[in-house]
Amino acid sequence: VQLVESGGGLVQPGGSLRLSCAASGFTFSNYVMRWYRQAPGKERELVAGISSAGSSTNYADSVKGRFTISRDNAKNTVYLQVNSLKPEDTAVYYCNAHRSIDYWGQGTQVTVSS
């Protein structure tokens with residue numbers, strides 16, 4: 001089982017990134033997919049989630065209207081479009097696959113700074 005995140009980087013406030021998470025080794029379309037983030041000294045928090053078919057999404061209040069989660073089950077990939085970035089969005093972003101068990105990626109760093 002592998003979850004490999006990519007797309008992180010250094011961006012100025014107000015900028016955008018598109019995070020990707022490529023999955024392999026399990027039946028991707030059967031799993032709820034989530035993005036979490038963890039800032040230095042803080043607990044990991046749920047940012048966004050999407051149902052297995054992609055018909056339902058949910059977001060943390062802090063990112064509503066700025067972040068969009070989507071998935072492509074044909075490509076076994078989940079995305080997180082992050083817009084209007086703020087310094088407080090700086091964190092390591094983790095991809096999570098959830099069903100009866102959880103799988104995690106290694107994370108991708110997002111740094112928002114001028």
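Given the structure is predicted, the values throughout are model-derived calculations rather than measurements. By convention here, each chain's residues receive numbers from 1 onward along its written sequence. In keeping with the predicted nature of the model, local features appear solely for residues at pLDDT of at least 70, side-chain atom pairs appear and are counted solely at 80 or more, and the whole-chain, interface and lining totals rest on all residues. As a convention, hydrogens and water are excluded, and side-chain values are obtained from all of the structure's heavy atoms.

**Student:** Lay out the overall build of the protein chain in plain terms, naming residues and giving numbers.
**Tutor:** The numbering of helices and of strands both runs from the N terminus, where a helix is a DSSP run of H or I of at least 4 residues and a strand a run of E of at least 2. Counting secondary structure elements, the protein chain contains zero helices and eleven strands. Based on the C-alpha atoms only, the size of the protein chain along its principal axes is roughly 40 × 25 × 25 Å. For each residue, the accessible area found with a 1.4 Å probe, counting protein chains only, is set against the maximum for its type, and the residue is called buried under 20%, exposed over 50%, and partly exposed in between. The buried share among the 114 residues of the protein chain stands at 43%. Using a 1.4 Å probe, the Shrake-Rupley method yields the accessible areas, and only the shown protein chains count as cover for residues. Only carbon and sulfur atoms are counted for the fraction: they give 45% of the accessible area of the protein chain, which is about 5800 Å². Just so you know, the count uses Lys and Arg for positive and Asp and Glu for negative, and it drops His and the chain ends. Throughout, a charge is located at the NZ atom of Lys, the CZ atom of Arg, the CG atom of Asp or the CD atom of Glu. Of the side-chain charges in the protein chain, 11 are positive and 8 negative, and the distance between the mean point of each set is 5 Å.

**Student:** Break down the environment of Gln-2 for me, with residues and values.
**Tutor:** Along the chain, Gln-2 falls in strand S1 (residues 2–6). C-alpha separation for the pair Gln-2 and Phe-28, spaced 26 residues apart in sequence, amounts to 11 Å. Two residues form a contact once any of their heavy atoms are found within 4.5 Å. In this structure, Gln-2 is in contact with Ala-22, Ala-23, Ser-24 and Phe-26, ignoring residues within four places of it in sequence.

**Student:** Before we move on, could you go through the pattern of salt bridges and cite the residues and values that matter?
**Tutor:** Two side chains carrying opposite charge are able to pair once their charged atoms lie near each other. The rule for a salt bridge is simple: a side-chain nitrogen of Lys or Arg has to be within 4 Å of a carboxyl oxygen of Asp or Glu. Going through the model one piece at a time under the given rule, you end up with four salt bridges. The residue Arg-37 makes a salt bridge to Asp-89 at a minimum N-O spacing of 2.9 Å. Residue Arg-37 is found in strand S4 (residues 32–38), and its partner Asp-89 is found in the loop between strand S8 (77–82) and strand S9 (91–98); the two are separated by 52 residues along the sequence. Each of the two residues, Arg-37 as well as Asp-89, counts as buried.

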